[in-house]
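The residues making up each chain are set out below.
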Amino acid sequence: MNITVLMENTAPCHLTAEHGLSFHIQHRGHSILLDAGSSGKFADNAQKLGVDLAGVEWAALSHGHYDHADGFRRFFAENQTAPVYLRPAAGKSWFSTSQGAPRFIGIHRDIFPNPRFVVLDGLFSPMEGAWLVPETVRGGSFANREKTLLEKIGPDQFVPDDFSHEQSLVLESERGLVLFNSCSHGGIVNIVQGVLEQFGGKQVYAVLGGLHLIDPEEAYVNAVADRLAELGVERLYTGHCTSAAAFALLRERLQGRLYALTTGARIEL
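Quick caveat: nothing in here was measured; it's all calculated off a predicted structure. (Residues numbered from 1 in each chain as written. Predicted model: local features only at pLDDT ≥ 70, side-chain atom pairs only at ≥ 80, totals over all residues. Heavy atoms only, no water.)

### Quick notes on the sheet that holds strand 8 (residues 117-119)
What counts here: DSSP-based pairing: two strands are paired if at least 2 bridges between them are found. To qualify as a helix, a DSSP run of H or I must reach at least 4 residues; to qualify as a strand, a run of E must reach at least 2; elements of each kind are numbered from the N terminus. Here an axis means a line fitted to C-alpha atoms, over the contact stretch when the element is a helix, while the angle between two N-to-C directions is reported on a 0 to 180 degree scale. Note on contacts: a residue pair is in contact if any heavy atoms of the two residues lie within 4.5 Å.
An order of 8-5-4-3-2-1-18 is seen for the 7 strands of this open sheet, with the pairing classed as mixed. Each having just a single partner strand, strand 8 and strand 18 (266-268) make up the two edges of the open sheet. Neighbour-to-neighbour, the strand axes of the sheet open up by a mean angle of 25°, direction not taken into account. Judged from the 2 bridges that link them, strand 4 (residues 58-60) and strand 5 (residues 84-86) form a sheet pairing that is parallel. Bridge pairing in strand 5 places Ala59 opposite Val84. Packed on one face of the sheet, helix 1 (residues 41-49) meets strand 1 (2-7), strand 2 (22-27), strand 3 (30-34) and strand 18 and runs near 135° to strand 1.

### Side note on the sheet that holds strand 7 (residues 103-104)
With respect to topology, 4 strands assemble into an open sheet ordered 7-6-11-12, the strand pairing being antiparallel. The open sheet has two edge strands with one neighbour each: strand 7 and strand 12 (157-160). Here strand 6 (residues 94-96) pairs with strand 11 (residues 149-154) via 3 bridges, running antiparallel. In the strand pairing of strand 11, Phe95 is matched with Leu150.

### Brief notes about the packing of aromatic side chains
Put simply, the rule reads: Each Phe, Tyr or Trp ring, with Trp reduced to its six-membered ring, pairs with another whose centre is within 6.5 Å; inter-plane angles below 30 degrees give stacked pairs, above 60 give edge-to-face pairs, and intermediate values give tilted ones. The buried label goes to any residue with under 20% of its type's maximum accessible area, the exposed label to any with over 50%, and the partly exposed label to all in between, with areas taken from a 1.4 Å probe on protein chains only.
Overall, the coordinates contain 13 aromatic pairs when judged by the stated rule. Look at Phe72 and Phe117: their rings are 6.1 Å apart centre to centre, the planes differ by 75°, and that puts the pair in the edge-to-face class. Remark: Phe117 occurs in strand 8 and Phe72 occurs in helix 3 (residues 72-78); sequence separation between them is 45 residues. Comparing Phe72 with Phe117, the two get one shared label, buried. Taken together, the ring pairs in this structure connect Phe72, Phe75, Phe76, Phe112 and Phe117 into an aromatic cluster.

### Some words on the pattern of salt bridges
We count it as follows: We define a salt bridge as a contact between a side-chain nitrogen of Lys or Arg and a carboxyl oxygen of Asp or Glu at a distance within 4 Å.
For the coordinates displayed, the defined rule picks out 10 salt bridges. Residue Arg73 pairs with Asp110 through a salt bridge whose shortest N-O separation is 2.7 Å. Of this pair, Arg73 sits in helix 3 while Asp110 sits in the loop between strand 7 and strand 8, and the two are 37 residues apart along the sequence. Arg73 gets classed as partly exposed once you look at its relative accessible area, which sits at 39%. Overall, the relative accessible area of 56% leaves Asp110 in the exposed class. Put simply, Glu234 and Arg175 hold a salt bridge, and the shortest N to O gap is 3.4 Å. With Glu234 in the loop between helix 5 (218-230) and strand 16 (235-238) and Arg175 in the loop between strand 13 (167-173) and strand 14 (176-180), the pair connects residues that are 59 residues apart, well separated along the chain.

### A short note on the side chain of Thr242
Worth spelling out the cut-off: Contacts described as polar in this section are N or O atom pairs within 3.5 Å, which, within protein, must combine one atom able to donate a hydrogen with one able to accept it, while residues neighboring in sequence count only if both atoms come from side chains.
Note on placement: Thr242 falls in the loop between strand 16 and helix 6 (244-253). Residue Thr242 is classed as buried on the basis of its relative accessible area, which comes to 9%. Side chain to side chain, Thr242 and Thr238 meet in a polar contact 2.7 Å long.

### What about the nonpolar core?
Just so we agree on the cut-off: Put simply, a nonpolar core is a bunch of buried Ala, Val, Leu, Ile, Met, Phe, Trp, Tyr and Cys residues held in one set by side-chain atoms that sit within 4.5 Å of each other.
In this structure, Ile188, Val192 and Val204 are the most contacted members of the largest nonpolar core, which totals 31 residues. When contributions to this core are tallied by element, the ones reaching two or more residues are strand 10 (130-134), strand 14, helix 4 (188-198), strand 15 (204-208), helix 5 and helix 6. Ignoring anything within four residues of it in the chain, the contact list for Ile188 reads Val207, Leu211, Val224 and Leu228. With 27 residues, the next largest nonpolar core counts Leu120, Leu132, Phe180 and Leu208 among its residues.

### What about unusual backbone geometry?
Both trends apply: most residues other than glycine have a negative phi, and most peptide bonds are in trans. For the bond from Phe112 to Pro113, the omega torsion is 0°, close enough to zero to count as cis. Here Pro113 shows up in the loop between strand 7 and strand 8. Within the chain, Asp35 stands out as a residue other than glycine whose phi angle is a positive 70°. With respect to the secondary-structure elements, Asp35 resides in the loop between strand 3 and helix 1. With a phi angle near 60°, Phe163 is a residue other than glycine that sits in the positive phi range. Within the secondary structure, Phe163 sits in the loop between strand 12 and strand 13.

Here you go:
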């Protein structure tokens, strides 16, 4: 399995960074795209990195936020055939109050709906050794502490985001399952636990994606790190919505298991 980070919040000087995330994955001879960043710039990086977007066979959207979805506008121009799999709630009106008044952070309406988007319900396998997995474990002590994400249900009416639009991409490797969850809004421990329950007897060997730890509580981050280790996660690749402060706390706890994501990174698992 070969993974190329096409977009992340950081980048070396010859590539472009933005607030967003996009992975290209070569797995068992197949070409897969997970997320497309917040603009078409991921495609410019792909060209520089030698990744052929026209050859992508299928894609997935991790959740219905613009910084993962809006780049599909460019993807649809670069690739004429690949379906993009997403959850039923992905197209709802998602908002954030992280900057004060509620602002729209969902998929912009010139992109969604689109016949290339394929809505999934339940566990789905687009190919052998690959699954798109709904989140089944919610709440509890490992729920994400994020309070600024909302769903708009009417004029000036908002309710907390329940993250029902979020899904994981799970790939089978020789060393165990590789789990991609781009923002882990439901809490990464809950997400890993849910995958383990749905794939009884298998190990989650590696986790890749953001953890949505913006203003981390040290005790919470330490508990997350310890629990991931207890669950058997041997490698954690994170960035995007994992702040530098959270990364530093995780590094202290997960010595030798933690790796930073950045645009252009190439990972072999």
